[in-house]
Amino acid sequence: MIPVGFDYVAPQSLEDAIGALAEGGEEAKLLAGGHSLLPLMKLRLAAPTLLVDLRRVPGLTGIERQNGVFRIRAMTTHHQVATGGLGLASEAAATIADQQVRNRGTIGGSLAHGDTAADMPAVLLAYEGDVAARGPSGERTIPAAELFEDYLTTALAPDEVLTEVRLPSMDGYGFGYQKFNRRREDWAMVGACALVKKAPDGSCEDVRIGLTHMGSIPLRASAAEDALRGRGLDSDAIAGAAEQAAEGTGPPGDLNATPEYKRHLARVLCRRALEEAAGRA
Amino acid sequence: MSATVSGETAETTHAITVTLNRQERSAEVEPRLLLVHFLRGTLGLTGTHVGCDTTSCGACTVLLDGKPIKSCTFLAVQADGREVTTVEGLVRDGGLHPIQEGFKEEHGLQCGFCTPGMMLTATALLAENPNPSEEEIRWALSGNVCRCTGYQNIVKAVQWAAAKMAEEGR
């Protein structure tokens with residue numbers, strides 16, 4: 001499979017990359033690790049006329065901790081995130097496909113692609129993190145809850161570059177990540193991530209649950225969160241809350257799973273992720 | 001750069017220089033040329049195989065700056081200025097690399113289609129972790145699919161190579 005022909009530039013600065021995007025118009029696309037875009041181009045589901053490769057732009061990789069926030073530069077690979085000691089984000093990144101993919105795929109690329117079946121979007125949502133986007137008129141911050149708009153559609157403008165992902169360090173939270181697929185390199189049929197903070201009396205002070213592939217965008221399992229917040233963290237309470245994991249979701253059916261099966265998976269995976277998180281909190 | 005017409009749009013070719021198997025190679029490539037097609041078609045190095053062509057099977061695995069990647073999901077232009085190792089580059093001093101010997105000694109292949117990718121992923125694993133456990137070997141190879149062996153002898157081949165390399169002090 002060979003992509004439709006396109007023009008290619010690899011600018012040496014972010015300003016030049018933004019300029020090239022603006023000049024290329026709506027059919028110009030950014031290339032980071034290429035592990036979302038190139039497969040679509042090979043299938044000819046995407047046919048950009050210009051690729052703006054970010055590989056030469058300095059300062060787009062690495063992770064820093066600053067004032068309780070992990071600042072992950074956009075071109076940081078899944079492998080680097082997986083081995084970066086970031087708790088939930090590292091655990092989730094370590095389950096992305098296989099090492100060849102993790103060596104190329106990037107956190108910024110995955111979030112900008114906005115695939116509801118990918119691992120990192122729901123993780124960003126559970127952290128209540130945000131991303132930095134740079135465009136011709138400067139930089140803005142997009143909170144996780146506003147980033148994902150629809151299937152493969154984000155709030156990023158066509159001439160904006162996602163430059164950084166910011167995750168609060170979530171000190172004191174336990175975490176769990178569960179996903180179900182048939183082969184390592186497959187997308188999640190369903191995934192559930194959980195962050196749990198215990199109060200001194202052992203009850204649930206705070207909980208965040210993110211769901212992968214349960215709608216056209218990543219979702220929070222708000223009903224399950226509400227059912228657990230302020231309650232005990234025993235297995236009955238967790239199982240009861242997890243029963244509500246699929247409330248308000250509209251999972252797309254596909255070759256691997258019907259919507260009803262996905263709702264079942266969400267409940268089971270949510271329970272397991274919560275148990276894992278509570279055990280570590 | 002020269003203008004050519006190919007596919008549906010007019011494109012410009014790009015000059016790239018890649019250190020391929022310890023040798024510098026320069027070429028003019030179309031942006032849409034995949035690394036695997038550059039290796040097989042342009043350079044005639046057919047040891048790198050195309051299997052699924054969808055980033056799944058790992059038959060096209062090569063090392064980019066020592067790390068395994070799938071060359072069916074990587075443009076040749078992206079390799080500019082970087083080091084690429086293919087199965088042809090495993091040979092040292094005209095002899096087999098210990099990983100190649102391991103696959104031979106332990107019958108780590110039947111049809112052989114997945115073998116170049118398996119050996120490159122295994123080489124990268126052993127460079128980082130000279131004495132991996134069975135679990136670590138299986139985890140490392142989870143992006144390389146074999147439809148013949150059931151993986152038993154592939155794992156043994158990697159263990160054989162690890163022991164040989166330890167003995168040789170590599």
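None of the values given here were measured: they were computed from a predicted structure.

Asker: Give me the pairing of strand S7 (residues 138-143) of chain A: which residues, what numbers.
Answerer: Looking at chain direction, strand S6 (residues 130-135) of chain A and S7 of chain A are connected through six bridges and run antiparallel. Considered in S7 of chain A, the bridge of Asp 130 of chain A is made with Pro 143 of chain A.

Asker: An account of the interface of chain B and chain A is needed here, citing residue identities and associated values.
Answerer: Counting residues at the interface gives 36 residues for chain B, matched by 32 residues for chain A. Regarding the contact of chain B and chain A, the summed buried area is about 2,800 Å², with carbon and sulfur atoms giving 54% of it. Put simply, chain B and chain A have three salt bridges between them. Across the pair Lys 70 of chain B and Asp 98 of chain A runs a salt bridge, and its minimum N-O distance is 2.6 Å. Joining chain B to chain A, the criterion identifies 13 residue pairs in polar contact (both at pLDDT 80 or more). Among the residues forming the side of chain B that touches chain A, the class breakdown is 13 nonpolar, 15 polar and eight charged.

Asker: Any details on the domain arrangement of chain B? Residues and values, ideally.
Answerer: Residues and elements named next belong to chain B. For chain B, the assigned domains are domain 1 (10-87) and domain 2 (91-168). Computed over C-alpha atoms, the centres of domain 1 and domain 2 are 22 Å apart. The partner domain 2 presents 15 residues to the 19 residues of domain 1 that form the contact. Of the roughly 1,200 Å² buried where domain 1 meets domain 2, counting both sides, 57% is carbon and sulfur surface. Linking domain 1 to domain 2 there are one salt bridge. Our count for the domain 1 to domain 2 interface comes out at seven residue pairs in polar contact (both at pLDDT 80 or more). For the side of domain 1 that touches domain 2, the elements supplying multiple residues, two or more each, are strand S5 (61-64) and strand S6 (67-70). Each residue belonging to the side of domain 1 that touches domain 2 can be placed in one class, and the counts come to seven nonpolar, nine polar and three charged.

Asker: Lay out the sheet that holds strand S12 (residues 190-198) of chain A with the relevant residues and their values.
Answerer: Residue and element names in this part refer to chain A. One open sheet holds the four strands; their spatial order is S11-S12-S13-S14, and the pairing between them is antiparallel. Strands at the two margins of the open sheet, each flanked by one partner only, are strand S11 (173-180) and strand S14 (219-220). Here strand S13 (residues 204-212) pairs with S14 via two bridges, running antiparallel. Bridged to Leu 211 within S14 is Leu 219. Against the sheet, helix H7 (residues 119-127) contacts S11, S12, S13 and S14, and its axis sits at roughly 155 degrees relative to S13.

Asker: I'd like a rundown of the pattern of salt bridges, residues and numbers included.
Answerer: Under the definition given, this model contains 32 salt bridges over all chains. Residues participating in the shared-partner salt-bridge network are Glu 128, Asp 206, Arg 208, Arg 220, Glu 225, Asp 226 and Arg 229 of chain A.

Asker: Please provide a residue-by-residue account of the side chain of Thr 76 of chain A, values included.
Answerer: Residues and elements named next belong to chain A. Mapped onto the fold, Thr 76 is located in the loop between strand S5 (69-73) and helix H3 (78-82). At 2.6 Å, the side chain of Thr 76 and the backbone oxygen of Arg 73 are in polar contact. Apart from residues lying up to four places away in sequence, Thr 76 is in contact with Leu 60, Thr 61, Gly 62, Ile 63, Val 81, Gly 105, Thr 106 and Ile 107.

Asker: Lay out the nonpolar core in plain terms, naming residues and giving numbers.
Answerer: Residues and elements named next belong to chain A. The biggest cluster of nonpolar side chains holds 38 residues, and the ones touching the most others in it are Leu 111, Met 120, Val 123, Leu 124 and Val 165. For this core, the leading source of residues is H7, giving six residues. Domain assignment of the residues forming this core places at least three in each of domain 2 (63-168) and domain 3 (173-280). Setting aside residues up to four positions removed in sequence, Val 123 forms contacts with Leu 88, Ala 89, Ala 92, Tyr 177 and Cys 193.

Asker: Describe in detail the environment of Pro 116 of chain B, supporting the description with residues and values.
Answerer: All names here are of chain B. Note on placement: Pro 116 falls in helix H3 (residues 115-128). Given a relative accessible area of 9%, Pro 116 falls into the buried group. Not counting chain neighbours up to four residues away, the residues in contact with Pro 116 comprise Gly 47, His 49 and Val 87.

Definitions and limits used
- Residues numbered from 1 in each chain as written.
- Chains lettered and ligands numbered in written order.
- Predicted model: local features only at pLDDT ≥ 70, side-chain atom pairs only at ≥ 80, totals over all residues.
- Heavy atoms only, no water.
- Pairing = 2+ DSSP bridges.
- Helix = DSSP H or I, 4+ residues; strand = E, 2+ residues; numbered from the N terminus.
- Contact = heavy atoms within 4.5 Å.
- Buried area = accessible area lost by both parts, 1.4 Å probe.
- Salt bridge = Lys/Arg side-chain N within 4 Å of Asp/Glu carboxyl O.
- Polar contact = N/O pair within 3.5 Å; in protein donor to acceptor, adjacent residues only side chain to side chain.
- Nonpolar A, V, L, I, M, F, W, Y, C, P; charged D, E, K, R; others polar.
- Domains from an automatic or database assignment.
- Axes fitted to C-alpha atoms, helices over the stretch in contact; angles between N-to-C directions.
- Core = buried A, V, L, I, M, F, W, Y, C linked by side-chain atoms within 4.5 Å.
- Buried < 20%, exposed > 50% of the residue type's maximum accessible area, 1.4 Å probe, protein only.

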